[in-house]
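Chain and residue survey
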Amino acid sequence: MAKQIARYVCQSCGAVTTKWSGRCDGCGEWNSIVEETPLSAGPSSKSLGAVRGKKIPLSTLSSKEAPPPRTISGMGELDRVLGGGLVEASAILVGGDPGIGKSTLLLQAAAQFANAGLKVIYASGEEASAQVRMRAQRLGLADAPVMLAAETNLRDILTTLEAEKPDLAIVDSIQTMWADNVDSAPGSVSQVRAAAHELTTFAKRMGTAVVMVGHVTKDGQIAGPRVVEHMVDTVLYFEGERGHQFRILRAVKNRFGPADEIGVFEMTGAGLAEVGNPSALFLSERGAPSPGSVVFAGIEGTRPVLCELQALVAPTPHAQPRRTVVGWDGGRLAMILAVLEARCGIPFAGLDVYLNVAGGMKISEPAADLAVAAALLSAREDTALPAETVVFGEISLSGALRPVSQAENRLKEAQKLGFTAAIAPQGGKISATDGMSLTQMGDLTSFVGDIFGA
Ligand code: TYD
Ligand code: MG
């Protein structure tokens, strides 16, 4: 056996070094580096040997093995995020803040997949079987043919899975799992990585789909699931605002489907309910047209989603004005403010700027640039945009408006929800549809002039 060298692992980002230091070079976190014993070779590496080195022509694979067999759960929102159903032998990580509803979602999914004919084991390291059963009762799923295991020892779980050979195994959560061949506390990076590695290898070897739950914490104390992301096939994040009942399941990585796909749920007294028409939901709280409010026609994954952007611009009492963003990128906001100032001569110095995406939605598309600019201008000028208008378009640093993808789909969705006008960049393949007026502009200056007369 090779000589074991001491290694030091950052508990925050997972960076490995050969000597201890007070501050991690990788993420800059203080006091996060601890000594850990390297993983000893587990039983899984032995069984991998059976296929190691064997060559198979790609062409023989493509005819027989692809596409991967999938199972539909019947929960449309979940199936879409998975890329059209659960893929056999896939390893899936479901991350999210504690208390957001991961266990609830996965228990409901377990019941759905079990009813669809899969053999499902739900292994909980956080709750006793009786607690899981109580939750199932509350969700009206007490009769679902799901097997429960309250276990934290990884070896015991793997032994059970090996014996039972389920089609789907859910492990809640990866931070509570404890591998006895790794010499550090449960929840540490080494333990989380070892557990994820063993479970992923198990999935590939036995053809079982494995879903791992991972808590994401703001402080880096508990090893975040980030270190696991590259090991698994699919990474889903369950997000939502604390005060809101809406929850969004987002695919940030998916080897078997489009990334950025979202599924929308509502947390009710009896569990998570699917929201089939998220645009209607995100716009439901919108009142009469008001200054600072703009509807953005966006695309999430393969689906158009409309949502409301709200901006507030007010004189600042501080030397350094505030820039607060919820649901969008702060750096991108700074860029748009700079373009408005440099290209259109509209200064925001001395003004606090607040930007919020309504309904707890998070937008990452550059196509929202023009809608953000419109919300900021509308708030600054205290002028509401024309009623029933949607806005989309990317803004370049020169102030030019760039066409965005899937413009037709955006317009169709807007029309479906009763909007009658759209403001979009010039170019791109779009044409006005019946009952929908389309205004296309080449640059931000003409947008400011046309809409706000500034
Ligand atoms: P949970 O699934 O335990 O969260 P996680 O596993 O991500 O930590 O969800 C906990 C929250 O969900 C809790 O605050 C109560 C709420 N909840 C409902 O509102 N309705 C329900 O039917 C259930 C089961 C939970
Ligand atoms: Mg939980």
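All figures in this text were calculated on a predicted structure; none of them were measured in a lab. (Residues numbered from 1 in each chain as written. Chains lettered and ligands numbered in written order. Predicted model: local features only at pLDDT ≥ 70, side-chain atom pairs only at ≥ 80, totals over all residues.)

Neighbouring residues of ligand 1: 15 residues in total, closest Gly101, Lys102, Ser103, Thr104 and Gly271. Put simply, the parts of the chain that give the shell around ligand 1 at least two residues each are helix H4 (102-115) and helix H5 (129-138). The greatest single-element share of the shell around ligand 1, amounting to 3 residues, is contributed by H4. (Near = placed C-beta within 6 Å. Helix = DSSP H or I, 4+ residues; strand = E, 2+ residues; numbered from the N terminus.)

This part covers the UniProt feature "binding site: ATP" (unreviewed entry) in the protein. Following the UniProt record, one finds the feature "binding site: ATP" (unreviewed entry) at Gly96, Asp97, Pro98, Gly99, Ile100, Gly101, Lys102 and Ser103. Mapped onto the elements of the fold, Gly101 is located in the loop between strand S6 (91-96) and H4. On the basis of neighbour count, Gly101 is assigned to the partly exposed category, with 19 C-beta atoms found within 10 Å. (UniProt positions renumbered as here; feature names shortened; annotations may be inferred. Buried ≥ 20, exposed ≤ 12 C-beta atoms within 10 Å, placed from the backbone.)

Next up on the list: helix H9 (residues 330-344). If you check H9, its first and last C-alpha atoms are 21 Å apart, about what 15 residues at 1.5 Å a residue would give, namely 21 Å. Of the positions making up H9, those classed as buried are Leu333, Ile336, Leu337, Val339, Leu340 and Cys344. Projection of H9 onto a plane perpendicular to its axis shows the buried side chains occupying an angular sector of 160 degrees, all on one side. Of the exposed residues in H9, the ones pointing more than 90 degrees away from its buried face are Gly330, Gly331 and Ala338. Residues of H9 that are buried sit in contact with strand S17 (323-326), strand S18 (351-357), helix H10 (369-381), strand S20 (394-395) and helix H12 (444-452). Remark: Gly345 follows H9 within two positions and exhibits a positive phi of approximately 65 degrees. (Expected span 1.5 Å × (residues − 1). Arc of directions from axis to C-beta. Contact = placed C-beta atoms within 7 Å.)

In this section: unusual backbone geometry. Cis geometry is adopted by the peptide bond preceding Ser173, which originates at Asp172 and carries an omega value of 0 degrees. Relative to the assigned elements, Ser173 resides in the loop between strand S9 (168-172) and helix H7 (189-206). You will see that Asp260, though not glycine, has its phi angle at about 75 degrees, which is positive. Mapped onto the elements, Asp260 comes out in the loop between strand S12 (246-254) and strand S13 (262-268). The phi angle at Glu388 is positive, at roughly 55 degrees, despite the residue not being glycine. By the element assignment, Glu388 lies in the loop between H10 and strand S19 (389-391). The class for Glu388 is partly exposed, based on 16 C-beta atoms found within 10 Å.

You can read the domains of the protein as domain 1 (1-37), domain 2 (70-275) and domain 3 (281-452). For domain 1 and domain 3, the distance between their C-alpha centroids amounts to 45 Å. (Domains from an automatic or database assignment.)

So, about the sheet that holds strand S7 (residues 120-124). Read across the sheet, 9 strands follow the order S8-S7-S9-S10-S6-S11-S12-S13-S14 without closing on themselves; strand pairing throughout is mixed. Two strands in the sheet have a free side with no partner beyond their single neighbour: strand S8 (146-150) and strand S14 (271-274). Averaged over all adjacent pairs, the angle separating strand axes in this sheet is 25 degrees, with direction ignored. On top of the sheet, helix H6 (residues 154-164) reaches S7, S8 and S9; it is set at about 170 degrees to S7, its chief contact. (Pairing = 2+ DSSP bridges. Axes fitted to C-alpha atoms, helices over the stretch in contact; angles between N-to-C directions.)

All right, on to the sheet that holds strand S3 (residues 33-36) then. As a general point, the strands of a sheet are linked pairwise by backbone hydrogen bonds and lie either parallel or antiparallel. Taken together, 3 strands build an open sheet; the order of strands is S2-S1-S3 and the sheet is antiparallel. Two strands lie at the open edges of the sheet, namely strand S2 (16-17) and S3, each paired on one side alone.

A few words now on the nonpolar core. Formed by 127 residues in total, the largest nonpolar core has its most connected members in Ala110, Val171, Val210, Phe296, Ala371 and Val372. Here this core takes 9 residues from H10, the largest share from any one element. Ignoring sequence-local partners within four residues, the contact set of Ala110 consists of Val120, Tyr122, Val146 and Ile170. (Core = buried A, V, L, I, M, F, W, Y, C linked by C-beta atoms within 7 Å.)

This brings us to the packing of H9 against H12. Viewed as axis vectors pointing N to C, H9 and H12 meet at an angle of 85 degrees, and their least axial separation amounts to 10 Å. One way to sum up the angle between H9 and H12 is to call them roughly perpendicular. Where H9 approaches H12, its residues Val339, Arg343 and Cys344 are matched on the opposing element by Leu444, Thr445 and Val448. For the contact of H9 with H12, the class distribution of residues is 4 nonpolar, 1 polar and 1 charged. (Parallel < 35°, antiparallel > 145°, perpendicular 65-115°, else oblique. Nonpolar A, V, L, I, M, F, W, Y, C, P; charged D, E, K, R; others polar.)

In this section: the environment of Gly28. Within the secondary structure, Gly28 sits in the loop between S2 and S3. The exposure class of Gly28 is exposed, given the 11 C-beta atoms found within 10 Å. C-alpha separation for the pair Gly28 and Ser405, spaced 377 residues apart in sequence, amounts to 38 Å.

Attention now goes to the pairing of S14. Sheet topology note: the S13/S14 ladder contains 4 bridges and is antiparallel. Note on S14: the bridge partner recorded for Glu266 is Ala273. Taken together, S13 and the strand that follows it, S14, pair antiparallel across an intervening segment of 2 residues.

Moving on, we get to the packing of H6 against H7. A pair of packed helices is characterised by two quantities: the angle between their axes and the separation of those axes. At a minimum axis distance of 11 Å, the contact between H6 and H7 shows a crossing angle of 10 degrees. Taken together, the axis directions place H6 and H7 in an arrangement best described as roughly parallel. Contacts between H6 and H7 involve Leu154, Leu158 and Leu161 on the former and, on the latter, Ala195, Glu198 and Phe202. Looking at side-chain class alone, the contact of H6 with H7 contains 5 nonpolar, no polar and 1 charged residues.

When you line up the elements, Thr201 lands in helix H7. A residue is classified by how many C-beta atoms lie within 10 Å of it, and Thr201, with 20 of them, is buried. A C-alpha to C-alpha distance of 8.8 Å links Thr201 and Ala91, two positions 110 residues apart in sequence.

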